[in-house]
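Coordinates in review
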Amino acid sequence: MEDCLAKKMEITVSEAEKRTGRNAMNIQETYTAYLIETRAVESQSEGQCAPVDSLWRRYSEFELLRNYLSVTYPHIVVPPLPEKRADFVWHKLSADNMDPDFVERRRIGLENFLLRVASHPILCQDKIFYAFLTQEGGWKEMVNETGFQLKADSRLKALNATFRVKNPDKRFTELKHYSDELQSVISHLLRVRARVADRLYGVYKVHGNYGRVFSEWSAIEKEMGDGLQSAGHHMDVYAASIDDILEEEEHYADQLKEYLFYAEALRAVCRKHELMQYDLEMAAQDLTCKKQQCEELATGTVRTFSLKGMTSKLFGQETPEQREAKIKVLEEQIQEGEEQLKSKNLEGRDFVKSAWADIERFKEQKNHDLKEALISYAVMQISMCKKGIQVWTNAKECFSKM
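A short tour of the structure in this document, coming up. Owing to the predicted nature of the structure, the values given are computational and were not obtained by experimental measurement.

Per the secondary structure count, the protein includes 13 helices and three strands. Counting all 402 residues of the protein, 39% fall into the buried class. Of the roughly 23700 Å² that the protein leaves accessible, carbon and sulfur atoms contribute 53%.

Here's what the structure looks like:
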């Protein structure tokens, strides 16, 4: 971890800017650009102030970076991006992806994504990632030149592997089920939170009615007027505070959402393992088939029914020369298949070892982060309750002085 980029460079997404331009189809569009600022840490330790390098990136460029990392490092639980459009929001909050409050939360999420990658012991060393932070022009071309799209597995192939793997690794199967359950639990938690926030908003705003009634009442009372007016003021302040409180709470929701999206990153690692296992099983099956063909040609016996065997019976047997030539080709293919199978076995073992090491790292990170987020959320709820008690304590004092 000492060599992580996050230890050597300060990385911030300092601001967001709404822009208009033309896309690849020459259609006018509005988008948000984010300013990434970096500063070397080493020169600061020597008492010098390092210059700040800055460049602008669109959300789509962040997506391209993450896609590249996911394909290039399939054994790693790649940090997710914040949502492109708001989801699981209480209805008073805008779901518009151009809304300033949402853009601000997404800016924080994008900065968190960069810091996650920069803190990862392997991802932080990637040259494309470093170029993303430091090289504005020509970066997309640099990514495309890696040819990472050609390495991407098709969804159809992944689906095929899921249903046709005969000997799945129990650990990855359990991890896949866990990621599904994690996503389900957090989704439900976020929906509950949105409903609670919506009701809380109503309760707070209704306190504004107390304020209005007390204020109107104070106008017709001489002895009680000042007390009622003061109590009404406390209620108005309380009612107005909910907007800032729920906006702050939305940041805690974003921390949960990060792990909602991390669940998909976990599944991606599991799917890659399934694909590798499927390829291994197919290679082993093909090798067995070729060995059987070779044995049948060498002995002149056919163990199983085949179109080839039926053809031989109808049109006559092959000449010894033809059979020898076919045996030679098959022997070469068997040798090649054995080497390929050995290579796939080795690749599979390396993948499992690397993937499981990163999964363990992720679990430790997840336990720490979710614990901190839930504690912070509980502390905020306690603070909100204390504010409610304080408001009514103040109102009680106002009433006592009447």
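Glancing now at the packing of aromatic side chains. Under the definition given, this model contains 13 aromatic pairs. Measuring from ring centre to ring centre gives 5.2 Å for F172 and W356, while their planes differ by 70°; the resulting arrangement is edge-to-face. With a gap of 184 residues between them, F172 in helix α9 (residues 170-218) and W356 in helix α13 (residues 320-400) connect regions that are remote in the sequence. Under the relative-accessibility criterion, F172 is labelled buried at 3%. Their ring planes at 25° and their centres at 4.2 Å tell us that Y204 and Y238 sit as a pair that is stacked. In this pair, Y204 sits in helix α9 while Y238 sits in helix α10 (residues 225-240), placing the two residues 34 residues apart along the sequence. The ring of W56 carries the charged tip of R19 above its face, separated from the ring centre by 4.5 Å.

Compared with the 86 Å implied by 1.5 Å per residue over 58 residues, the 85 Å span of helix α11 (residues 242-299) between its first and last C-alpha is a close match. Residue G300 follows α11 closely and has a positive phi angle near 80°.

Right, let's get into the nonpolar core. In terms of nonpolar packing, the biggest core is built from 34 residues, with F62, L65, L114 and L133 touching the most fellow members. Broken down by secondary-structure element, the contributors of at least two residues to this core are β1 (9-22), β2 (28-40), α3 (59-72), α4 (100-119), α5 (127-134) and α6 (139-145). By size, the runner-up hydrophobic cluster in this structure holds 23 residues, among which are L190, L266, F351 and F362.

Attention now moves to the packing of α3 against α5. Relative to each other, α3 and α5 sit at 165°, their axes nearing to 10 Å. Between α3 and α5, the interaxial angle falls into the category roughly antiparallel. Crossing geometry of α3 relative to α5 is assigned as left-handed. Each of E61, F62, L65 and Y68 in α3 lies in contact with α5, whose residues at this interface are I128, F129 and F132.

Mapped onto the secondary structure, E397 falls in helix α13. Once the C-alpha coordinates of E397 and S230 are considered, the two residues, 167 residues apart in sequence, prove to be 9.7 Å apart.

With that out of the way, let us pick up the pattern of salt bridges. Any two side chains of opposite charge can pair, given that their charged atoms come close. What the rule picks out here adds up to 24 salt bridges. The salt bridge involving E264 is made with R271; its shortest N-O contact spans 2.7 Å. A cluster of three or more residues bridged by salt bridges with shared partners is formed by D180, E264, R267 and R271.

With that settled, consider the sheet that holds β1. The antiparallel open sheet is built from three strands, whose spatial order is β1-β2-β3. The open sheet terminates on both sides in strands that have one partner only, identified here as β1 and β3 (53-58). Taking each pair of neighbouring strands and ignoring which way they run, the sheet shows an average axis angle of 25°. Looking at chain direction, β2 and β3 are connected through six bridges and run antiparallel.

Moving on to the packing of α9 against α10. Relative orientation of the contacting elements α9 and α10 amounts to 160°, with a least axis distance of 7 Å. Here α9 lies roughly antiparallel to α10, going by the angle between them. Crossing handedness for the pair α9 and α10: left-handed. Contact with α9, carried on its side by Y204, K205, H207, G208, Y210, G211, R212, F214, S215, W217 and S218, involves G225, L228, Q229, A231, G232, M235, D236, Y238, A239 and A240 of α10 and no other residues of that element.

Basis of the calculations
Throughout, residues of each chain are indexed from 1 in the direction in which the sequence is written. A pLDDT threshold of at least 70 governs which residues receive local features in this predicted model, and a stricter bar of 80 or more applies before side-chain atom pairs are shown or counted, although totals over entire chains, interfaces and linings include all residues. Only hydrogens and water are set aside when side-chain values are computed; all heavy atoms of the structure are taken into account. Each helix is a run of DSSP H or I of at least 4 residues and each strand a run of E of at least 2, with the numbering of both proceeding from the N terminus. In this scheme, a residue with accessible area under 20% of its type's maximum is buried, one over 50% is exposed, and one in between is partly exposed, where area comes from a 1.4 Å probe on protein chains only. All accessible areas in this document rest on Shrake-Rupley with a 1.4 Å probe, and a residue is counted as covered only by the protein chains that are shown. We call Phe, Tyr and Trp rings a pair once their centres come within 6.5 Å, taking the six-membered ring for Trp, and we label the pair stacked below 30 degrees between planes, edge-to-face above 60, and tilted otherwise. For a Lys NZ or an Arg CZ to count as sitting over a ring, it must be within 6 Å of the ring centre and within 35 degrees of the ring normal. To estimate how far a helix should reach, multiply one less than its number of residues by 1.5 Å. The criterion is simple. A nonpolar core is a set of buried Ala, Val, Leu, Ile, Met, Phe, Trp, Tyr and Cys residues joined through side-chain atoms within 4.5 Å. Here an angle of 0 to 180 degrees is reported between the N-to-C directions of two axes, which are lines fitted to C-alpha atoms, with helices fitted over the stretch in contact. For this classification, under 35 degrees means roughly parallel, over 145 means roughly antiparallel, 65 to 115 means roughly perpendicular, and everything else is oblique. The crossing is said to be left-handed when, going from far helix to near helix, the turn is anticlockwise and less than a right angle, and right-handed when the turn is clockwise. Contact definition: two residues touch when any of their heavy atoms are within 4.5 Å. Salt bridges, as used here, are contacts in which a Lys or Arg side-chain nitrogen is within 4 Å of a carboxyl oxygen on Asp or Glu. Following DSSP output, two strands are said to pair if at least two bridges run between them.

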